[in-house]
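Each chain, letter by letter, is given below.
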Amino acid sequence: MAPCAAADAQMLAASPCISASQSMLASRAAVSRISPALGTSGFASCPRIAYSRPLGSSSVAVRAVSGESTPHGLPIDLRGKRAFIAGVADDNGYGWAIAKALAAAGAEILVGTWVPALNIFETSLRRGKFDESRKLPDGSLMEIAKVYPLDAVYDSPEDVPEEVKTNKRYSGSSKWTVKEAAESVKEDFGSIDILVHSLANGPEVTKPLLETSRSGYLAAMSASSYSYVSLLQHFLPIMNSGGASISLTYIASERTIPGYGGGMSSAKAALESDTRVLAFEAGRKGNIRVNTISAGPLGSRAAKAIGFIEKMIEYSYVNAPLEKELRADEVGNAAAFLVSPLASAITGSTVYVDNGLNTMAIAVDSPTVAS
Ligand SMILES: NC(=O)c1ccc[n+]([C@@H]2O[C@H](COP(=O)([O-])OP(=O)(O)OC[C@H]3O[C@@H](n4cnc5c(N)ncnc54)[C@H](O)[C@@H]3O)[C@@H](O)[C@H]2O)c1
């Protein structure tokens, strides 16, 4: 969700050990022919390989043999990796942008879609409504290997209240609790390498904290924080060693953003704290890295529910060190980096992808600086 509860791959243009003038995605096809030699850890073995690949009508010879030449560029190479992205229900949000960046880097994409939004998402996908935004930098369309129904507020079938079970928005789907989703992914694919949590919900997000009910506050925590603990808890056993997980957070966790209410700021603070603890536990238990991206404001569906997202986007544009629009793909690219072998020593971190807005203490039109 927005600054609340609730992207194409420019950084990915650096191709796996290939000349800087080539797009990474164009290189994927050729590199995949040498994947047995390259392995799934990607660039680490690049300096020792030499191969040639067709690019358009011409053929580009690539030599990156130690001692012969210096390879250009660093690859974000996710070929051979499988990602489960929880929280994709349209092509506007951060989850979609992250899915695209990971796909562009070569990962296989599975998504988890909130049950009430599943039907419309699958129908739109089937009817080609997202085809334009499925385009990857190499011109191919992102493939989603499978869409899983998910409601991350429920861990297992025993937790689901009768009124939800019988709700017609849920009755057409099955196996959508977190535990069942992980079991289904295991049954279908065996394992994953990357887990992305890009979901949040706060039913009272428009209410100030002082007016938030206990149930509204706890609902925000359940959907936006514990949902991540639960996802990692259930997916960790099927995550390959060396894998990585990320979630999305928002600066309202550490600085006051009036209007981001209903306990959502508290939920993001919990998510960031949990990132550090989970990084330790998942690191020790499964050699899995855990990070969270503190993203700047984006006009996603969830963010629009808060009501003032356009103002937040404008505020960011005017006041951030980088005076530009924040694109969802910039967050997607950062996510691709964080889950890639290039970030192999980064875990437990909150990484800001917000044009630098988090560093500012006062607005640029403040009388303090305007004089
Ligand atoms: N948009 C912003 O300005 C912004 C800024 C910083 C962080 N974020 C975070 O980014 C993440 C993605 O949000 P977004 O803004 O891209 O919006 P989005 O609408 O694309 O994503 C939110 C997703 O959460 C799903 N969802 C809600 N409740 C769920 C549940 N119980 N189980 C499973 N899925 C559920 C929704 O269906 C939706 O697909 C969220 O964590 C959000 O807080 C957003």
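Cut-offs used in this document
Residues numbered from 1 in each chain as written. Predicted model: local features only at pLDDT ≥ 70, side-chain atom pairs only at ≥ 80, totals over all residues. Heavy atoms only, no water. Helix = DSSP H or I, 4+ residues; strand = E, 2+ residues; numbered from the N terminus. Buried < 20%, exposed > 50% of the residue type's maximum accessible area, 1.4 Å probe, protein only. Areas by Shrake-Rupley, 256 points an atom, 1.4 Å probe, with all protein chains shown as cover. Core = buried A, V, L, I, M, F, W, Y, C linked by side-chain atoms within 4.5 Å. Contact = heavy atoms within 4.5 Å. Patch = residues over 30% accessible without salt bridge, like charges linked within 9 Å, V, L, I, M, F, W, Y side chains within 5 Å. Salt bridge = Lys/Arg side-chain N within 4 Å of Asp/Glu carboxyl O. Expected span 1.5 Å × (residues − 1). pLDDT = per-residue confidence, 0-100. Axes fitted to C-alpha atoms, helices over the stretch in contact; angles between N-to-C directions. Parallel < 35°, antiparallel > 145°, perpendicular 65-115°, else oblique. Left-handed = near helix turned anticlockwise from the far one by under 90°. Bend = angle between axes of the 7 residues up to and from the residue. Pairing = 2+ DSSP bridges. Right-handed = clockwise from strand over helix to strand, strands pointing away.

### Observations concerning the overall build of the protein chain
Helix and strand content of the protein chain: 13 helices and nine strands. Put simply, the protein chain has 371 residues, and 54% of those count as buried. Approximately 16,700 Å² of the protein chain is accessible, and the part contributed by carbon and sulfur atoms is 53%.

### Comments concerning the nonpolar core
One finds Ile85, Leu102, Ile109, Phe121, Ile144 and Ile293 to be the most contacted residues of the largest nonpolar core, which totals 44 residues. Leave out the neighbours within four places in its chain, and phenylalanine 121 touches Val88, Ala89, Asp90, Trp96, Val111, Thr113, Phe130, Ile144 and Val147. Of all hydrophobic cores here, the second largest spans 27 residues; its members include Phe84, Leu150, Leu195 and Val290.

### Quick look at a nonpolar patch on the surface
Together, Tyr317, Val318, Met360 and Val364 line one region of the surface with nonpolar side chains, adding up to about 310 Å² of accessible area. Within the secondary structure, methionine 360 is located in the loop between strand E9 (350-353) and helix H13 (367-370). On the basis of relative accessibility, which here comes to 32%, the residue methionine 360 falls in the partly exposed class.

### A few points about the pattern of salt bridges
For the structure shown, the criterion picks out twelve salt bridges. Residue lysine 146 pairs with aspartate 188 through a salt bridge whose shortest N-O separation is 2.9 Å. Placement of lysine 146 in strand E5 (residues 144-150) and of aspartate 188 in helix H7 (residues 178-189) is noted, with a sequence separation of 42 residues between them. Overall, lysine 146 belongs to the partly exposed group, its relative accessible area being 35%. A salt bridge links lysine 324 to glutamate 330; the shortest N-O distance between them is 2.6 Å. Judged by its relative accessible area of 29%, lysine 324 falls in the partly exposed class. One continuous salt-bridge network, built from bridges that share partners, spans Asp131, Arg134 and Glu143.

### Quick word on helix H4 (residues 115-126)
Side chains that are three or four residues apart share a direction in an α-helix, a result of its 3.6 residues per turn. Along its twelve residues, H4 runs 17 Å from first to last C-alpha, staying within 8% of the 16 Å computed at 1.5 Å per residue. Regarding H4, the residues found buried are Val115, Pro116, Ala117, Leu118, Phe121, Thr123, Ser124 and Leu125. Buried-residue contacts for H4 involve helix H3 (94-104), strand E4 (108-114), E5 and helix H6 (168-171). Just downstream of H4, glycine 128 is the residue with a positive phi angle, here 85°.

### Regarding the confidence of the model for the protein chain
Mean pLDDT for the protein chain: 84, with 80% of residues reaching 70 or above. Across residues 1-70, where pLDDT falls below 50, the model places 170 contacts with residues more than four positions away in sequence or in other chains. Scored as a whole, the predicted complex attains pTM 0.84, and scored at its interfaces, ipTM 0.99.

### Some words on the packing of helix H8 (residues 214-235) against helix H9 (residues 264-286)
Between H8 and H9, the least distance of the axes is 9 Å, while the angle of their chain directions is 15°. The angle between H8 and H9 falls in the class roughly parallel. Seen from above, H8 lies across H9 with right-handed handedness. Across the interface between the two elements, Tyr217, Ala220, Met221, Ser224, Ser225, Tyr228, Val229 and Leu232 from H8 touch Met264, Ser266, Ala267, Ala270, Leu271, Asp274, Leu278 and Ala282 from H9.

### Digging into the packing of H7 against H8
Running from N to C, H7 and H8 point in directions that differ by 35°, and their axes come no closer than 9 Å. Pair H7 / H8 crosses with right-handed handedness. Across the interface between the two elements, Val178, Lys179, Ala181, Ala182 and Val185 of H7 pack against Ser230, Leu231, His234 and Phe235 of H8.

### Concerning H8
For H8, with 22 residues, the first-to-last C-alpha span of 29 Å sits near the 32 Å given by 1.5 Å per residue. Of all the bends in H8, the largest measures some 45° and sits at tyrosine 226.

### Let's talk about the pairing of strand E6 (residues 192-197)
Extensive coverage of E6 is indicated by the burial of six of its six residues. In the sheet, E6 pairs with strand E7 (residues 239-249) via five bridges, with the strands oriented parallel. Of the residues in E7, the one forming a bridge with isoleucine 192 is methionine 239. For the crossover that starts at E6, traverses H8 and ends in the parallel E7, the hand is right-handed.

### Some remarks on the sheet that holds E5
Pairing is parallel across the open sheet formed by seven strands, whose spatial order is E5-E4-E3-E6-E7-E8-E9. Only two strands of the sheet have a single partner each, and these edge strands are E5 and E9. Across the sheet, the mean angle separating the axes of adjacent strands is 20° when strand polarity is ignored. Strand direction decides the pairing type here: E7 and strand E8 (residues 289-295), joined by six bridges, are parallel. The residue of E8 that forms the bridge with serine 245 is valine 290. Sheet strands touched by H8: strand E3 (82-86), E6, E7 and E8. Its angle to E6, the strand with the most contacts, is close to 170°. On the sheet, H9 packs against E7, E8 and E9 and is oriented at approximately 175° with respect to E7.

### Here's the deal with the environment of alanine 220
With respect to the element layout, alanine 220 can be found in helix H8. Note: C-alpha distance between alanine 220 and valine 153 (67 residues apart in sequence) is 9.8 Å. Excluding its chain neighbours within four sequence positions, the residues that come into contact with alanine 220 are Asn201, Gly202, Pro203, Ser225, Gly262, Gly263, Met264 and Ala267.

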